[in-house]
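Chain residues, written in single-letter form:
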Amino acid sequence: MDRDSMRSRAAVAGVGTTHFGVIPGYTSIDFGVWALREALADANLSGEAIDGLIVARIPDNAKFAEAAGLRPDFSLVLPPTGRMAGVAVELACLAIASGRARRIALVYGNDGKSAGVSYGGSNDPYGGGPLWEPYGMTSPGAFHALMYSRYMAETGADRSHLAEVAVTFRQHAGLNPAAVMRKPITAADHAAARPIAAPLHLLDYCLVNDGGVAIILTDAGLARETGKAPVYVRGCRHASDFTQSSFPPDDFWRGAMARAGAASYAEAGAKPGDMSGLMIYDNFTATVLFSLEGFGYCEPGTAWREIQDGRLRLGGRWQANTSGGHLSESYMQGWALNAEAVRQLRGQATGRAMRHPELIHVMTAAPQCSSIIYGVEP
Amino acid sequence: MSGRGVVVGCCQFHRAYFPSAPGLDVPYTVILVRLDEGPLLYSNPGGPAWLPNVGAQVAATFTEVAPGQALVHFNPAPRP
């Protein structure tokens, strides 16, 4: 193996999740402490063993460490935007591979639902300003609706082709007791859902809810101390496209996804056809199509057709988001998808288990794209 | 700037995010226009009768929304 390679230098020792939904009375720090407690128990570690800390959406790493009783030397806070989970995992792997830390807690807490967070309007930090507001442009949903409108014009897809994504992930959520939205939906429900920013309607949107997720990454040499089978980070990379990022990207972020994908595939020694399952950042149904194309699962402009045979469903060739994802399990901004990947690879996804998964690809399409490949073998 | 361009995105808002803003009673339409010279702009159709589509060729018009305050809107302007 290339001595400089990051392949499997780090492994997941434990994951923890809180309950998801409307959970008043907890701050993001409280959710983080809860999730971390679960992750430490899962990893069979005490807080004293943790020498690195990365928090996200939790506003203050010092306050969090104080609340959780951690003494990390390596410590930082990431911004509360989505898509930082992949960046956090890559940073932690870099820190571990360089020897700066041996056991890093990655902690995410989100009190958005109880805090009354809504998207769109003058107070939304997403976009905004004189190029947006006078024309009524606002919200991540509208941004992705504009992208999908162009996708439809270029490919021949229409709104109905998104139903398969929404219906599939809801079906998966029905198998996951932790999921917030478990009632099955049909393509007809998707068609009849009220429009928010057409062509996207309600069932094309992720949820807004409370909860937290923690992941403990350790030096791979320490991974077996947990007593459980380690899950290795076989490859990870993020790549960005911030030029003109106030506008929908001309290339649907395909350039950044291709760079992140190629680097992580090379590191992992794997390609899309080798993946047992997929965890796709589904802030909106349409993003799933952009991701499949950008990370090389199919040609640009074809994902809307490819998925109609049910291949995203549990047992399918591209079985994806077996927890229900952001659309139906919980909007944990990518974090819970990482936890689900680990649980699947450890055979702990009871009731929704993939058959003997070996490699799972966690991917994010956004101005900051990321690709993480987890595996049961180093 | 020629004021000419093409619609590269189109979205209809059904939620009133800016309830007091003039001209933004729901449903309203936001278009993304690529000007011939390259820049991108968010905008709205210049008149309510026009339902824009991606690929439509357009030309800019100025709409006065308050005394001394104008917005750039676009109307269809097919080219031969």
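Residues numbered from 1 in each chain as written. Chains lettered and ligands numbered in written order. Predicted model: local features only at pLDDT ≥ 70, side-chain atom pairs only at ≥ 80, totals over all residues. Heavy atoms only, no water.

Section: the overall build of chain B
Counting its regular elements, chain B contains zero helices and five strands. Taken from N to C terminus, the helices and strands of chain B fall in the order β-β-β-β-β. Compactness check: chain B gives a C-alpha radius of gyration of 13 Å against a globular reference of 12 Å for 80 residues, within 12% of the reference. In chain B, buried positions account for 40% of the 80 residues. Put simply, 47% of the contacts in chain B that link residues at least 6 apart link residues at least 24 apart. As displayed, chain B offers around 4,100 Å² of accessible surface, 58% of which is attributable to carbon and sulfur atoms. Charge centroids of chain B, computed over 4 positive and 4 negative side chains, lie 10 Å from each other. (Helix = DSSP H or I, 4+ residues; strand = E, 2+ residues; numbered from the N terminus. Rg over C-alpha atoms; globule rule 2.2 N^0.38 Å. Buried < 20%, exposed > 50% of the residue type's maximum accessible area, 1.4 Å probe, protein only. Contact = heavy atoms within 4.5 Å. Areas by Shrake-Rupley, 256 points an atom, 1.4 Å probe, with all protein chains shown as cover. Lys, Arg positive; Asp, Glu negative; His and termini not counted. Charge placed at Lys NZ, Arg CZ, Asp CG, Glu CD.)

Regarding the overall build of chain A
Along its length, chain A carries eleven helices and eleven strands. Since a compact globule built from 378 residues should have a radius of gyration of about 21 Å, the 19 Å found for chain A is in line with a globular shape. Its C-alpha atoms give chain A principal-axis dimensions of roughly 55 × 40 × 40 Å. The buried share of chain A, taken over its 378 residues, is 63%. Within chain A, contacts between residues separated by at least 24 positions form 73% of all contacts whose residues are at least 6 apart in sequence.

A look at empty space enclosed by the protein
Going through the model one piece at a time under the given rule, you end up with two cavities of 30 Å³ or more. Each pocket or cavity is described by its volume, and for the largest cavity that value is around 50 Å³. Lining the largest cavity, in full, are Ala85(A), Gly86(A), Tyr281(A), Gly334(A), Leu337(A), Asn338(A), Val362(A), Met363(A), Thr364(A), Ser370(A) and Ile372(A). Among the elements of the structure, α3 (84–97), α11 (335–345), β10 (359–364) and β11 (368–375) of chain A are those that each provide at least two residues to the lining of the largest cavity. A breakdown of the residues in the lining of the largest cavity according to their chemical character gives six nonpolar, five polar and no charged. When its volume is computed, the second largest cavity comes out at roughly 40 Å³. Lining the second largest cavity, in full, are Leu146(A), Met147(A), Arg150(A), Pro248(A), Pro249(A), Phe252(A), Val8(B) and Leu32(B). (1 Å grid on protein atoms, 1.4 Å probe; cavity = no way out; pocket = protein on both sides within 12 Å on 5 of 7 lines; lining within 4 Å. Points joined across faces, edges and corners; volume = space filled by probe spheres on them. Nonpolar A, V, L, I, M, F, W, Y, C, P; charged D, E, K, R; others polar.)

Function-wise, these values are silent; they only describe arrangement.
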